[in-house]
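What follows is the residue order along each chain.
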Amino acid sequence: QVQFVESGGGLVQPGGSLRLSCAASTSIFSIYTMAWYRQAPGKQRELVAHITNDGSTNYVDSVKGRFTISRDNAKKTVYLQMNDLKPEDTAVYYCNAPYGSHFFGPWGQGTQVTVSS
């Protein structure tokens with residue numbers, strides 16, 4: 001079963017930047033659509049951005065123009081570059097490979113992003 005390991009989170013001031021990474025354990029990473037999700041305290045997990053196997057991307061409105069999702073198939077890794085971070089971006093960030101309403105992998109531990117002055 002494929003597994004995903006997220007890293008790169010931390011504490012950052014408003015307006016700052018972070019780059020998250022998600023490493024996959026599967027050899028067929030390149031065929032997956034990959035996505036980043038986040039879950040803030042007391043809220044449901046939400047989709048932040050996704051990237052298809054041919055590189056097409058899509059973002060939730062709240063992060064458009066600030067976040068960029070990318071992938072390196074040779075490294076089996078997907079990234080989330082987050083710029084101009086806001087306090088409302090504070091959450092645990094997860095990655096997974098969605099298909100329909102399902103996911104190829106179990107949810108990992110995620111990586112905590114805290115935006116605070």
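What counts, and where the lines are drawn
Residues numbered from 1 in each chain as written. Predicted model: local features only at pLDDT ≥ 70, side-chain atom pairs only at ≥ 80, totals over all residues. Heavy atoms only, no water. Core = buried A, V, L, I, M, F, W, Y, C linked by side-chain atoms within 4.5 Å. Buried < 20%, exposed > 50% of the residue type's maximum accessible area, 1.4 Å probe, protein only. Helix = DSSP H or I, 4+ residues; strand = E, 2+ residues; numbered from the N terminus. Contact = heavy atoms within 4.5 Å. Salt bridge = Lys/Arg side-chain N within 4 Å of Asp/Glu carboxyl O. Disulfide = S-S within 2.5 Å. Phe/Tyr/Trp six-rings, centres within 6.5 Å; stacked < 30°, edge-to-face > 60°. Pairing = 2+ DSSP bridges.

Asks: Explain the nonpolar core to me, please; I cannot follow it from the model alone.
Replies: Among soluble globular proteins, nonpolar side chains are generally buried collectively. Counting 29 residues, the largest nonpolar core has Met-34, Trp-36, Val-78, Leu-80, Met-82 and Tyr-93 as its most contacted members. For this core, the secondary-structure elements that each account for two or more residues are strand 3 (18–24), strand 4 (34–39), strand 5 (46–51), strand 7 (67–72), strand 8 (77–82), strand 9 (91–96) and strand 12 (111–115). Sequence-distant contacts of Met-82, defined by excluding residues within four places in its chain, comprise Gly-16, Ser-17, Leu-18, Leu-20, Arg-66, Phe-67, Tyr-93 and Val-113.

Asks: Is there a simple way to think about the pattern of salt bridges in this case?
Replies: One side chain can pair with another of opposite charge once the charged atoms of both are near each other. Counted by the stated rule, this structure contains five salt bridges. A salt bridge links Arg-38 to Asp-89; the shortest N-O distance between them is 2.9 Å. Separated by 51 residues along the polypeptide, Arg-38 in strand 4 and Asp-89 in the loop between strand 8 and strand 9 bring together distant segments of the chain. Residue Arg-38 is classed as buried on the basis of its relative accessible area of 6%. Owing to a relative accessible area of 0%, Asp-89 belongs among the buried residues under this scheme.

Asks: Which parts of the structure should I look at to understand the state of the cysteines?
Replies: The term disulfide refers to a covalent linkage connecting the sulfur atoms of a pair of cysteines. Overall, the coordinates contain one disulfide when judged by the stated rule. Covalently, Cys-22 is tied to Cys-95 through a disulfide, its sulfur atoms 1.8 Å apart. One disulfide, between Cys-22 and Cys-95, carries an S-S torsion of 60° and so falls in the right-handed class. In this pair, Cys-22 sits in strand 3 while Cys-95 sits in strand 9, placing the two residues 73 residues apart along the sequence. For Cys-22, a relative accessible area of 0% corresponds to the buried category.

Asks: Which parts of the structure should I look at to understand the packing of aromatic side chains?
Replies: Each aromatic ring pair is specified by the distance between its two centres and by the angle formed by the two planes. Within the structure shown, the criterion is met by six aromatic pairs. For the pair Tyr-32 and Phe-104, a centre-to-centre distance of 4.6 Å together with 25° between the ring planes defines the contact as stacked. One end of the pair, Tyr-32, is in the loop between strand 3 and strand 4; the other, Phe-104, is in the loop between strand 11 (102–103) and strand 12, with 72 residues separating them in the sequence. Summarising the aromatic geometry, the rings of Tyr-37 and Phe-103 are spaced 5.6 Å apart at their centres and angled 80° between planes, so their arrangement reads as edge-to-face. With Tyr-37 in strand 4 and Phe-103 in strand 11, this residue pair connects regions lying 66 residues apart in the sequence. For Phe-103, a relative accessible area of 30% gives the class partly exposed. Here a set of aromatic residues connected by ring pairs shows up, and it is made of Tyr-37, Tyr-94, Phe-103 and Trp-107.

Asks: Looking at this model, I keep getting lost on the pairing of strand 7. Mind explaining?
Replies: Moving residue by residue along a regular strand, the side chains alternate between the two faces of the sheet. Every second residue of strand 7 is oriented toward a common face, the buried set being Phe-67, Ile-69 and Arg-71 and the non-buried set Thr-68, Ser-70 and Asp-72. As defined by bridge partners, strand 7 adjoins strand 8 across six bridges and the pair is classed as antiparallel. Paired with Ser-70 across the two strands is Tyr-79, which belongs to strand 8. Taking the residues that link successive antiparallel strands as the turn, the strand 7-strand 8 hairpin has four residues, and the phi of Lys-76 there is positive, at about 55°.

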